[in-house]
Amino acid sequence: MQYLQLAASLSIAAALALSGPAFGQATVQRIELEVNIDGPPPHAVIRERLRATVQVVIERLLTGRPLDQLITLQPRLGETIASVVDRVATGYAVTSASVQVGVISQVVVRLQPVGQLIRQVEIAADVRAVHPRLHTMVGGTLQQSAGPEIRALYVGLPQAAMAWAEPILEAQSREAVERALPGFTAAVRARVRAEIAQAEVALLPRDTRVIRNIGVRFRSSSIPTMLLDQHGPAVASMAEPLRGLPVAFAQAHHAAIEALIKEDLAAYPPARQYRIIATPALDVGETTYVTVVADSVLYRGRVEAHLNIGAQAPGPAVIGHLGRLSAPNTEAFLELRLVPTPLSLDWSVGMQIAASPSTTVGAAYAIVARETTAWLTVRAGLDTGVRASWNLSTQSYEGAFTYRFNEFLSGELIATSRASWWLRLVSNL
């Protein structure tokens, strides 16, 4: 009986395909379709593909056909639609199909899944394209950000539907990965066993913009640069896992990457031995720079050469600074100031307090000049800041805008309350 029904339906479909409207006959101009799915609803992309499939079938059967012919065949049209849809949408069966023939024909089709449904999805991430040090971070981002969307694609889908749905789901999974992990794409393959689908997601760089070179810079207010430079190769090796990582991903996740490098810096033997706090900052590009701000929790030391440029500028000077932290944010220091022309030497003792991570206040007394100076510095960023100082002995004020060009050289534009100004170049030795 089923074979007879199928044959009859196919005969009707063939008759409809071969027949054409006579001149002046009213025909079907448009189809209004409603598709309902019983049971657990599949993902929206699957529902849309099912609807598009049914739409194509009905368009081919009805659009442009004479109304008088379709009205005659109307009792069997539902069976015809069901038989054709059952063949092209495997995994789903038509439980009912009703057609209201007219110039604008109304069609309602109800589907139900056939066979076993996928109820659980496991994601197996292949992250061999990145350094092992980054496997946890990259794989975790994949599971947390793209995982829920990938799982939702497969849950509720009949296993039999994978034959036609797999390319759609793999493309959607790939797009989910690309949204969650900038700079990456993925090759996705799904395997279904019983009610479980395992989606194998192999990550690959999406474009050629990957990190190719690593550079290291040091910044410190407490350690001479010449002592830090020798540790550059060690820091570069800590950042080696970044090589080959997509630039877009590193930019989006720079905070997490900085945290990984900070862990390595904290475990670095010289940092532990001399109680140095090292904080990395990334400047991400195909050549990525790691700027390490390193400071001792006990001592402050630096040597600077000052070159003053301007008609009212003082002479050049070499400044040596040595300080000891008596509390986490309070430093007592001794400072030596050597002026080569004319030769003079002065000593200062003082104290400064870090009121916040970006603001410092302090005061110092020059022993030879017998002058007391108070100052306030505010750092606006890693490389810019302002300083205001007040000489209590001469009742004069000085303001400066500071900018650091690199780890070795910075500049200061200085103006005073005595209407003088000059440019100072400061070299960290």
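No experiment lies behind these values; they were computed from the predicted model shown.

Peer 1: Tell me what's going on with the pattern of salt bridges, and back it up with residues and numbers.
Peer 2: Between side chains of opposite charge, a pair can form when the charged atoms approach closely. What the rule picks out here adds up to 19 salt bridges. Residues R191 and E200 are paired through a salt bridge, measuring 3.0 Å at the closest nitrogen-oxygen approach. Here R191 falls in the partly exposed class, since its relative accessible area comes to 35%. One salt bridge connects E412 with R387, and the closest N-O pair in it is separated by 3.3 Å. One end of the pair, E412, is in strand β18 (residues 409–416); the other, R387, is in strand β16 (residues 384–391), and 25 residues separate them in sequence. Like E412, the residue R387 is buried in the burial classification. Several salt bridges share partner residues, and in doing so they unite R387, E398, E412 and R424 into one network.

Peer 1: Could you give me a rundown of the side chain of H306, with the residues and numbers involved?
Peer 2: As for its position among the elements, H306 is in strand β10 (residues 299–309). Residue classification places H306 among the buried residues on the basis of a relative accessible area of 11%. Within polar-contact distance, the side chain of H306 engages the side chain of E304 at 3.0 Å. Look past the residues within four positions of H306 in its chain and what remains in contact with it is P316, A317, I319, R424, L425 and V426.

Peer 1: Residues and numbers for the packing of helix α4 (residues 135–154) against helix α5 (residues 162–180), please.
Peer 2: Axis separation between α4 and α5 bottoms out at 9 Å; the angle between their running directions is 155 degrees. As the angle between them shows, α4 and α5 are arranged roughly antiparallel. In terms of crossing hand, the pair formed by α4 and α5 is right-handed. Where α4 approaches α5, its residues T141, L142, S145, A146, E149, I150, L153 and Y154 are matched on the opposing element by M162, L169, E170, Q172, S173, A176, V177, R179 and A180.

Peer 1: Lay out the confidence of the model for the chain with the relevant residues and their values.
Peer 2: Detailed reading of predicted coordinates is not advised where the pLDDT is low. Here the chain averages 88 in pLDDT, while 94% of its residues score no lower than 70. Across residues 1–19, where pLDDT falls below 50, the model places 22 contacts with residues more than four positions away in sequence or in other chains.

Peer 1: With reference to specific residues and values, describe the packing of helix α2 (residues 44–62) against α5.
Peer 2: One can describe the packing of α2 onto α5 by two numbers: an axis separation of 11 Å at closest approach and a directional angle of 135 degrees. Our classification of the angle between α2 and α5 gives oblique. The two elements α2 and α5 meet at a crossing, and its hand is right-handed. In contact with V45, I46, R49 and L50 of α2, α5 contributes W164, A165, I168, L169 and Q172.

Peer 1: So what's going on with the packing of aromatic side chains? Which residues, and what values?
Peer 2: Using the criterion set out here, one finds four aromatic pairs in the structure. Judged by centre distance (6.1 Å) and plane angle (50 degrees), the ring pair of F333 and W375 falls under tilted. With F333 in strand β12 (residues 330–339) and W375 in strand β15 (residues 371–379), this residue pair connects regions lying 42 residues apart in the sequence. Taking relative accessible area as the criterion, F333 reaches 7% and is therefore assigned buried. With centroids separated by 5.3 Å and ring planes inclined at 75 degrees, the aromatic side chains of Y403 and F405 adopt a geometry described as edge-to-face. For F405, a relative accessible area of 48% translates into the label partly exposed.

Peer 1: Describe unusual backbone geometry, naming the residues involved and giving the relevant values.
Peer 2: The omega torsion across T341 and P342 is -15 degrees, close enough to zero to call that bond cis. With respect to the element layout, P342 can be found in the loop between β12 and β13 (344–356). The phi angle at R370 is positive, at roughly 55 degrees, despite the residue not being glycine. Considering the arrangement of structural elements, one finds R370 in the loop between β14 (359–366) and β15. With relative accessibility at 63%, the residue R370 sits in the exposed group. Positive phi values are uncommon outside glycine, yet Q395 reaches one of about 55 degrees.

Peer 1: Requested: an account of the sheet that holds strand β7 (residues 213–219), with residues and values cited.
Peer 2: In a beta sheet, neighbouring strands pair by backbone hydrogen bonds and run either parallel or antiparallel. Strand order in the open sheet formed by three strands is β7-β9-β8, with mixed pairing between adjacent strands. Since the sheet does not close on itself, it has two edges, and those belong to β7 and β8 (276–283), each with one partner. Each neighbouring strand pair of the sheet contributes to a mean axis angle of 25 degrees, computed without reference to strand direction. Pairing analysis gives seven bridges linking β7 to strand β9 (residues 287–296), with the strands arranged parallel. Bridge pairing links V216 to V290 in β9.

Peer 1: Quick rundown of the layout of surface pockets? Include the residues and the values.
Peer 2: What the second largest pocket holds in volume is close to 430 Å³. For the lining of the second largest pocket, the elements supplying multiple residues, two or more each, are α6 (225–228), α10 (269–273), β8, β9 and β10. Of the residues assigned to the lining of the second largest pocket, the class counts are 18 nonpolar, five polar and one charged.

Peer 1: An account of the environment of A197 is needed here, citing residue identities and associated values.
Peer 2: If you trace the backbone, A197 turns up in strand β6 (residues 196–205). In this structure the C-alpha to C-alpha distance between A197 and Q143, which are 54 residues apart in sequence, comes to 15 Å. Non-local contacts of A197, meaning those with residues more than four positions away in its chain, are made with I118, Q120, V121, E122, R191 and V192.

Peer 1: Mind laying out the nonpolar core, listing which residues take part and the relevant values?
Peer 2: Counting residues in hydrophobic clusters, the biggest one holds 81 residues, and the most contacted among them are Y154, L242 and L245. For Y154, the residues in contact, after removing those within four places along its chain, are I118, V121, M162, L169, E170, S173, V188 and A190.

Peer 1: Tell me about the pairing of β6, and please be specific about residues and values.
Peer 2: Bridge analysis of strand β4 (residues 120–126) against β6 gives seven bridges, and the strand direction is parallel. When the sheet's bridge partners are listed, V121 is paired in β6 with A197. With 10 bridges joining them, strand β5 (residues 184–193) and β6 adopt antiparallel strand pairing. Note that in β6 the partner of T185 across the bridge is L204.

Cut-offs used in this document
- Residues numbered from 1 in each chain as written.
- Predicted model: local features only at pLDDT ≥ 70, side-chain atom pairs only at ≥ 80, totals over all residues.
- Heavy atoms only, no water.
- Salt bridge = Lys/Arg side-chain N within 4 Å of Asp/Glu carboxyl O.
- Buried < 20%, exposed > 50% of the residue type's maximum accessible area, 1.4 Å probe, protein only.
- Helix = DSSP H or I, 4+ residues; strand = E, 2+ residues; numbered from the N terminus.
- Polar contact = N/O pair within 3.5 Å; in protein donor to acceptor, adjacent residues only side chain to side chain.
- Contact = heavy atoms within 4.5 Å.
- Axes fitted to C-alpha atoms, helices over the stretch in contact; angles between N-to-C directions.
- Parallel < 35°, antiparallel > 145°, perpendicular 65-115°, else oblique.
- Left-handed = near helix turned anticlockwise from the far one by under 90°.
- pLDDT = per-residue confidence, 0-100.
- Phe/Tyr/Trp six-rings, centres within 6.5 Å; stacked < 30°, edge-to-face > 60°.
- Pairing = 2+ DSSP bridges.
- 1 Å grid on protein atoms, 1.4 Å probe; cavity = no way out; pocket = protein on both sides within 12 Å on 5 of 7 lines; lining within 4 Å.
- Points joined across faces, edges and corners; volume = space filled by probe spheres on them.
- Nonpolar A, V, L, I, M, F, W, Y, C, P; charged D, E, K, R; others polar.
- Core = buried A, V, L, I, M, F, W, Y, C linked by side-chain atoms within 4.5 Å.

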